[in-house]
Amino acid sequence: MAERMVKCVKFGKELPGLKETPFDGELGERIYQNVSMDAWRMWAEHLKMIINEYRLNPATLEAQEIIIKHMEDFFFGEGSQLPPEYVPPTQQMH
């Protein structure tokens, strides 16, 4: 079965999309339709920084609201698309 392609809002080009919506609701559907797997992986790394920086407990409703706002800004906010000359960092060994 061929990979599902999306026009990624982060990279501005056609890339393989997520296999399923990341969560329920309108934002989850927008991400499914407009975010590539590569951009989602970038978000996962960015999310770690947000959780640490704000000392969030993702189990709390307050933290979830902060995370959702950052996620929306990351993918759809002003300046969310990467500059054309952006080169992703190489994968670090753990």
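In this text, all values refer to a predicted model and were calculated from it rather than measured experimentally.

Each value, and the rule that gives it
The residue count restarts for each chain, going from 1 along the sequence in the order it is written. In keeping with the predicted nature of the model, local features appear solely for residues at pLDDT of at least 70, side-chain atom pairs appear and are counted solely at 80 or more, and the whole-chain, interface and lining totals rest on all residues. Based on all heavy atoms of the structure, the side-chain values leave hydrogens and waters out of the count. A run of H or I in DSSP counts as a helix once it spans at least four residues, and a run of E counts as a strand once it spans at least two, with each numbered from the N terminus. Burial here depends on accessible area, computed with a 1.4 Å probe over protein chains only, as a share of the maximum for the residue type. Under 20% is buried, over 50% is exposed, and the range in between is partly exposed. By the convention used here, residues are in contact when the closest approach between their heavy atoms is within 4.5 Å. Working definition of accessibility: Shrake-Rupley area with a 1.4 Å probe, residue cover restricted to the visible protein chains. Axis definition: a line fitted to C-alpha atoms, limited for helices to the stretch in contact. Angles are taken between N-to-C directions and run from 0 to 180 degrees. Under this scheme an angle from 65 to 115 degrees is roughly perpendicular, one under 35 degrees roughly parallel, and one over 145 degrees roughly antiparallel; angles in between are oblique. When the near helix sits turned anticlockwise from the far one by under a right angle, the crossing is termed left-handed; a clockwise turn instead gives a right-handed crossing. Joining through side-chain atoms within 4.5 Å is the link that ties buried Ala, Val, Leu, Ile, Met, Phe, Trp, Tyr and Cys residues into a set, and such a set is a nonpolar core. Two N or O atoms count as a polar contact when they lie within 3.5 Å, although within protein this holds only if one can serve as hydrogen donor and the other as acceptor, and sequence-adjacent residues are included solely when both atoms are side-chain atoms.

Asker: Where do I start with the overall build of the protein in this structure?
Answerer: Within the protein one finds three helices and two strands. Counted from the first residue to the last, the protein has its helices and strands arranged as β-β-α-α-α. Out of the 94 residues belonging to the protein, those deemed buried represent 28%. Once local pairs closer than 6 in sequence are excluded, the contacts in the protein between residues at least 24 apart make up 51%. Accessible surface for the protein amounts to roughly 6,900 Å². Of this, 55% is attributable to carbon and sulfur atoms.

Asker: I'm lost on the packing of helix α1 (residues 26–34) against helix α3 (residues 61–76) in this one. Help?
Answerer: Helix-helix packing: each pair is described by the crossing angle between the helix axes and the interaxial distance. Between α1 and α3, whose axes approach to 11 Å, the crossing angle comes to 30°. Judged by the angle between their axes, α1 and α3 are roughly parallel. For the crossing formed where α1 meets α3, the hand is left-handed. Each of L27, R30, I31 and N34 in α1 lies in contact with α3, whose residues at this interface are I68, M71, E72, F75 and F76.

Asker: Any chance you could explain the nonpolar core here in plain terms?
Answerer: The nonpolar side chains of a soluble globular protein tend to be buried, and buried together. One finds I31, W43, I67, M71 and F75 to be the most contacted residues of the largest nonpolar core, which totals 18 residues. The set of elements that each furnish at least two residues to this core consists of α1, α2 (37–53) and α3. Excluding residues that lie within four positions of it along the chain, I31 makes contacts with L18, P22, F23, W40, M71, F75 and F76.

Asker: What should I look at first to understand the environment of K7 in this one?
Answerer: With respect to the helices and strands, the residue K7 is situated in strand β1 (residues 5–7). Sequence-distant contacts of K7, that is, excluding residues within four places in its chain, are made with G12, K13, E14 and N34. A distance of 3.0 Å separates a polar side-chain atom of K7 from the backbone oxygen of G12.

Asker: Whenever I open this one, the environment of W43 confuses me. Can you help?
Answerer: The topology assignment puts W43 in helix α2. Residue classification places W43 among the buried positions, given a relative accessible area of 2%. Between the C-alpha atoms of W43 and H70, which are 27 residues apart in sequence, the distance is 9.6 Å. Setting aside chain neighbours within four positions, we find W43 in contact with I50, I67, H70, M71, F74 and F75.

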